[in-house]
Amino acid sequence: MALKDIKEKTDYLPALFLVTAFVFFPQGYGAEALQSLAVIFVSIVLEAIPFMLVGSLVGGIIEAFVSRERITSMLPQKGWLTVCIAACAGMVFPVCECAVVPVVRRLLGKGLPLSAAVAYLLGGPVVNPIVAASTAMAYAFDWPVVILRTACGYGIAVITGIIIGRIFTEEEAVLDTGHSGSYISSCSCCENHTPVKPEIKGPLTPVVNSGDNHGACCFVKVPVPGSKRKAGLMEKTAAAFNHGMDDFFSAGHYLIIGAFIAAVANTFIDRSSFLSMSEIPFLSILLMMSMAVLLNLCSEADAFIAASFRGIMPPSAQMAFMLTGPVFDLKLLLMYRNVFTPRAIITLVILILSAVLITSGLIELISGFIL
Amino acid sequence: MKRADIGMKRLLYVFLFFAWSLFLLFLIAGKGYMAFLRPEFGVFLAIALFIAGGYMITAVFRFSTQGVNMSVVSRTLVLLIPILYCIAAKDSILGSQAFMQRYTGSFGQESRYSNLSGNTENDPDKKETILDIYLKPDLFRGKHVSVMGMIIHDEELKQHFDGKKTAVYRFLINCCAADAVPLAVALDGEDLENLKGDQWVLVEGVFDIGTVKDEKYPVILKPVITPVETPAFPYLY
């Protein structure tokens, strides 16, 4: 086998992770840190996996039941308005950061503009009622904190979405999602490939693709274009599960690897060591942002951790923690690889971190008046 | 593409989702997930079980012409790693190592836990927990309390507990063990060094609130300590 073939057929990241997971594997009793690592790792995975599965299935349902035309017809004509609506769509469709990635991937495939997709990606996990409720509870119904978090999260999502839309075209930013006119031939599954026209042999024909490295999602038996027969509910449901399964398979391993890195950070980072630097306002913001990236907490839980730093870290640093975590952490960084090109990811990360830093800095400057 | 390769890929998918379905079913049925998550997460795991089961059935009937390659195998293995870790870490809980990484010594900000009812809220006859003490420290001050938890000795605790280096503690889970917060109460008594670290104990004594460097800290005076079995649900929720 040629070296090129081996390279194409081997993912180094999973292979590297498997070796690391073996090294850190908890064996017997005694190694307390490894036991803690295992507990934290399994916890993060169990917490996130239901949302990941739901997200993948919702993505599959969108793929199977919603046509590109319908999505396009639902969007406002003005681009900026689409971005503004997308950033607060989480209020109607509340999703956490694990679920939103596969949904956004499918929505992009259905023609949602890049800027709006990014706005939903970043806004969905912050601007939603569940996160608002958990923030309210964590901060003992201190409503200014809840409103500030929601408003800042919304603003960051809108601004980042608009800027990304200005910098990149969809082709430059998004991995091939195989745009389609209907649920039939659309393929945005695990690998980069181009679906090709099916060879029509009958009313139910597998969609064939040219990808060498491709999963089986394009081989669902569905009616082909031109066929008079319409797909029934069962067939569409089967197609939804097929697409969902592929989405889960293609993005799930990123979640696992990210969760493992988070667990390592969670196990070995001494939180009290952060406290000695809390006196310096902007440094404390940076520290809390770093912690949010490393800990990979769910957006529905991170407020409780942020609140545990009350009296220790300034409000601006707590807000930085709550604004960073839902939109950028190690787990998400890996999951974004499944949707965006490396250049787009780098730009997205720079924009997110800059926006959070500026927002938190402004909060720090006027915190005496707000919090 | 060889037929055997195609069959292998289908088998991998089926096995992956079968393993996850079985794993989730096992965790839900035995409430084993509560060693990692809040009880309310059982509903989410049940939804996950339904979807994983659906994916498994889909994989069984899937029509595929693509075979297996290293990428598919490695991704499948990655997705199975959490199950292996869970099996290996059976009966493991967060202990003093996690405590020392997470404890920041803050006390007296009970509003932080105001969303939690604690134990005595619902049933006054129940024994109080460390969470109850954190929720209403003034209510318990000067009263005889009886709390269960693990023992920790550490020199670093002296700065938080006015020179006392032994405490009883438990973790409070907000969502999952990753965000678990240690709640500790200092012990002020004799012969505490003889207690083994991370040993589960029942501590009985008089609760008080001490002060060190203008910061409050919880303490149980003249504790009577009895070793106990690890409780079925070691965390507070």
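As the structure is a computational prediction, the values presented were derived from the model and not from experiment.

Undergrad: Before we move on, can you summarise helix H2 (residues 41-60) of chain B with the specific residues and values?
TA: Look at H2 of chain B: 28 Å from first C-alpha to last across 20 residues, which is about the 28 Å you get at 1.5 Å a residue. Three or more residues of H2 of chain B are buried, namely Phe41, Gly42, Leu45, Ala48, Ile51, Ala52, Gly53, Gly54, Tyr55, Met56, Thr58 and Ala59 of chain B.

Undergrad: Got a sec to walk through the packing of aromatic side chains? Specific residues and values, please.
TA: Within this structure, the stated rule accounts for 19 aromatic pairs over all chains. With 5.2 Å between their ring centres and 85° between their planes, Phe41 of chain A and Phe260 of chain A make a pair best called edge-to-face. Here Phe260 of chain A lies in helix H11 (residues 233-268) and Phe41 of chain A lies in helix H3 (residues 32-65), a separation of 219 residues in the sequence. Each member of the pair, Phe41 of chain A as well as Phe260 of chain A, is classed as buried. An angle of 50° between the planes, with centres 6.0 Å apart, marks the rings of Tyr103 of chain B and Phe161 of chain B as tilted.

Undergrad: Now, about a nonpolar patch on the surface: what can you tell me, with residues and values included?
TA: Nonpolar side chains collect at one region of the surface, where Val54 and Val58 of chain A together with Val43, Phe44 and Ile47 of chain B lie side by side and expose about 360 Å² of accessible area between them. Among the secondary structure elements, those contributing two or more residues to the nonpolar patch are H3 of chain A together with H2 of chain B. Here the nonpolar patch gets three residues from one element, more than from any other, and that element is H2 of chain B. The topology assignment puts Ile47 of chain B in helix H2.

Undergrad: Describe the nonpolar core, naming the residues involved and giving the relevant values.
TA: Counting residues in hydrophobic clusters, the biggest one holds 192 residues, and the most contacted among them are Phe17, Phe41, Leu46, Phe321 and Phe340 of chain A together with Trp20 of chain B. The leading source of residues in this core is H3 of chain A, at 16 residues. Sequence-distant contacts of Leu46 of chain A, that is, excluding residues within four places in its chain, are made with Trp20, Phe23, Leu24, Leu27, Phe36, Leu37 and Leu45 of chain B.

Undergrad: Could you give an account of the pairing of strand E1 (residues 144-153) of chain B, with specific residues and numbers?
TA: Residues and elements named next belong to chain B. Burial of E1 is extensive: seven of the ten residues sit out of reach of the surface. Taken together, the seven bridges between E1 and strand E4 (residues 200-212) define a ladder with antiparallel strand orientation. Pairing of Met148 across the sheet is with Leu202, part of E4. Looking at chain direction, E1 and strand E2 (residues 166-172) are connected through four bridges and run antiparallel.

Undergrad: Break down the environment of Glu32 of chain A for me, citing the residues and quoting the values.
TA: Along the chain, Glu32 of chain A turns up in helix H3. Residue Glu32 of chain A is classed as partly exposed on the basis of its relative accessible area of 28%. Taking the C-alpha atoms as reference points, Glu32 of chain A and Ala136 of chain A, separated by 104 residues in sequence, lie 35 Å from one another. Leaving out residues up to four positions away in the same chain, Glu32 of chain A has contacts with Gly95, Ser96, Gln97 and Asp198 of chain B. From its side chain, Glu32 of chain A meets the backbone nitrogen of Ser96 of chain B in a polar contact 3.0 Å long.

Each value, and the rule that gives it
- Residues numbered from 1 in each chain as written.
- Chains lettered and ligands numbered in written order.
- Predicted model: local features only at pLDDT ≥ 70, side-chain atom pairs only at ≥ 80, totals over all residues.
- Heavy atoms only, no water.
- Helix = DSSP H or I, 4+ residues; strand = E, 2+ residues; numbered from the N terminus.
- Expected span 1.5 Å × (residues − 1).
- Buried < 20%, exposed > 50% of the residue type's maximum accessible area, 1.4 Å probe, protein only.
- Phe/Tyr/Trp six-rings, centres within 6.5 Å; stacked < 30°, edge-to-face > 60°.
- Patch = residues over 30% accessible without salt bridge, like charges linked within 9 Å, V, L, I, M, F, W, Y side chains within 5 Å.
- Areas by Shrake-Rupley, 256 points an atom, 1.4 Å probe, with all protein chains shown as cover.
- Salt bridge = Lys/Arg side-chain N within 4 Å of Asp/Glu carboxyl O.
- Core = buried A, V, L, I, M, F, W, Y, C linked by side-chain atoms within 4.5 Å.
- Contact = heavy atoms within 4.5 Å.
- Pairing = 2+ DSSP bridges.
- Polar contact = N/O pair within 3.5 Å; in protein donor to acceptor, adjacent residues only side chain to side chain.

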